[in-house]
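Survey of secondary and tertiary structure
Letter by letter, the chains look like this.
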Amino acid sequence: MFTINNIIIGFAAIGMVGVIAITVYLSRQHKKVNHIMKLNKNVAPLLLQQSAHHKFNAIRSKLPHAAEEHHQKIKTNLDTLVTQYRNQTICIKTYNQGLDQLMKQLNAK
């Protein structure tokens, strides 16, 4: 028969099974997230990459309108910066900072 003790024991057992199921689920999710994080560890941040791309395009569009004495210097610096980034001798952050400096030079002249 169903006594109070049997009902309490039943609810406790169901509760323990629920806690174990949740623990197993969270453990699997944690492993999946860690695996994805390891795969994406060396991937450049998307927004930083887009920002660098927009800066590069802005510099390239403003470069023909720059003063002639500064045009060649900025173009050479830009080519060097792009080559270093493509050869992976500098990281995306350094590349972005270099583009910032070139943009400031181009706007100042």
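Note: the structure precedes this text.
Criteria and cut-off values
Within each chain, residue numbers correspond to sequence positions counted from 1 in written order. Owing to the predicted nature of the model, reporting of local features is limited to residues with pLDDT of at least 70; listing and counting of side-chain atom pairs is limited to 80 or more, with chain, interface and lining totals taken over all residues. To get the side-chain values, take all heavy atoms of the structure and skip hydrogens and water. Segments assigned H or I by DSSP are reported as helices when at least four residues long, segments assigned E as strands when at least two residues long, and all are numbered from the N terminus. Whether two residues touch is decided by their heavy atoms; if any such pair falls within 4.5 Å, the residues are in contact. Here, the term nonpolar core denotes a set of buried Ala, Val, Leu, Ile, Met, Phe, Trp, Tyr and Cys residues that are joined through side-chain atoms within 4.5 Å. Buried, partly exposed and exposed residues are distinguished by accessible area as a fraction of the type maximum, computed with a 1.4 Å probe on protein chains only: under 20%, between the cut-offs, and over 50%, respectively. Orientation is described by lines fitted to C-alpha atoms, with helices fitted over the stretch in contact, and by angles between N-to-C directions that extend from 0 to 180 degrees. Should an angle fall under 35 degrees it is called roughly parallel, over 145 degrees roughly antiparallel, and 65 to 115 degrees roughly perpendicular, with every other angle called oblique. Here is the rule for handedness: rotate from the far helix to the near one, and if that takes an anticlockwise turn smaller than a right angle the crossing is left-handed, while a clockwise turn gives right-handed. By the convention adopted, Pro, Cys, Tyr, Trp, Phe, Met, Ile, Leu, Val and Ala count as nonpolar, Lys, Arg, Asp and Glu as charged, and the other residues, Gly among them, as polar. Helix span, as expected, comes to 1.5 Å for every residue beyond the first. Throughout, the arc means the angular range of directions from the helix axis out to the C-beta atoms. When a carboxyl oxygen of Asp or Glu is within 4 Å of a side-chain nitrogen of Lys or Arg, the pair counts as a salt bridge.

So, on to the side chain of Asn-96. Residue position: Asn-96 is located in helix α4 (residues 92-108). Contact partners of Asn-96, with chain neighbours within four places excluded, come to Leu-48, Ser-51, Ala-52 and Lys-55.

The subject of this paragraph is the nonpolar core. Ile-59, Leu-78, Leu-81, Tyr-95, Leu-99, Leu-102 and Leu-106 are the most contacted members of the largest nonpolar core, which has 15 residues in total. At the level of elements, α2 (46-62), α3 (68-86) and α4 are the ones that each hand at least two residues to this core. For this core, the leading source of residues is α4, giving six residues. When residues no more than four places from it in sequence are discounted, the contact partners of Leu-106 are Ile-59, Lys-62, Leu-63, Ala-66 and Ile-74.

Our next topic: the packing of α3 against α4. Viewed as axis vectors pointing N to C, α3 and α4 meet at an angle of 170°, and their least axial separation amounts to 10 Å. Taken together, the axes of α3 and α4 are roughly antiparallel relative to one another. In contact with Ile-74, Asn-77, Leu-78, Leu-81, Val-82 and Tyr-85 of α3, α4 contributes Ile-92, Tyr-95, Gly-98, Leu-99, Leu-102, Gln-105 and Leu-106.

With that settled, the discussion passes to the packing of α2 against α3. The relative placement of two packed helices is expressed as an angle between their axes plus a distance between the axes. Two elements in contact, α2 and α3, have axes whose closest approach is 12 Å; the angle formed by their N-to-C orientations is 155°. Taken as axis vectors, α2 and α3 run roughly antiparallel relative to one another. Here the hand of the crossing between α2 and α3 comes out left-handed. Counting all contacts with α2, which are made through Gln-49, Phe-56, Ile-59 and Arg-60, the residues of α3 involved are Lys-75, Leu-78, Val-82 and Tyr-85. Its residues assigned to classes, the contact of α2 with α3 shows five nonpolar, one polar and two charged.

This part takes up α4. Taking 1.5 Å per residue, 17 residues should reach 24 Å; α4 reaches 24 Å between its end C-alpha atoms and fits that length. For α4, the full list of buried residues reads Ile-92, Tyr-95, Asn-96, Gly-98, Leu-99, Leu-102, Met-103 and Leu-106. What you see down the axis of α4 is that its buried residues fit within an arc of 160°, all on one side. Across α4 from its buried face, at more than 90 degrees, point the exposed residues Lys-93, Gln-97, Gln-101, Lys-104 and Ala-108. Lining the buried residues of α4 we find α2 and α3.

One pass over the full model with this rule turns up two salt bridges. Put simply, Lys-55 and Asp-100 hold a salt bridge, and the shortest N to O gap is 2.5 Å. Of this pair, Lys-55 sits in helix α2 while Asp-100 sits in helix α4; the two residues are 45 residues apart in sequence, bridging distant segments of the chain. For Asp-79, the salt bridge goes to Lys-75, with nearest N and O atoms at 3.2 Å. Here the residue Asp-79 and the residue Lys-75 both occupy positions in helix α3, the gap between them amounting to four residues, near one helical turn. Residue Asp-79 is classed as partly exposed on the basis of its relative accessible area of 35%. Exposure remark for Lys-75: the relative accessible area of 27% places this residue in the partly exposed category.

Without other data, these values stay purely geometric and don't point to any function.
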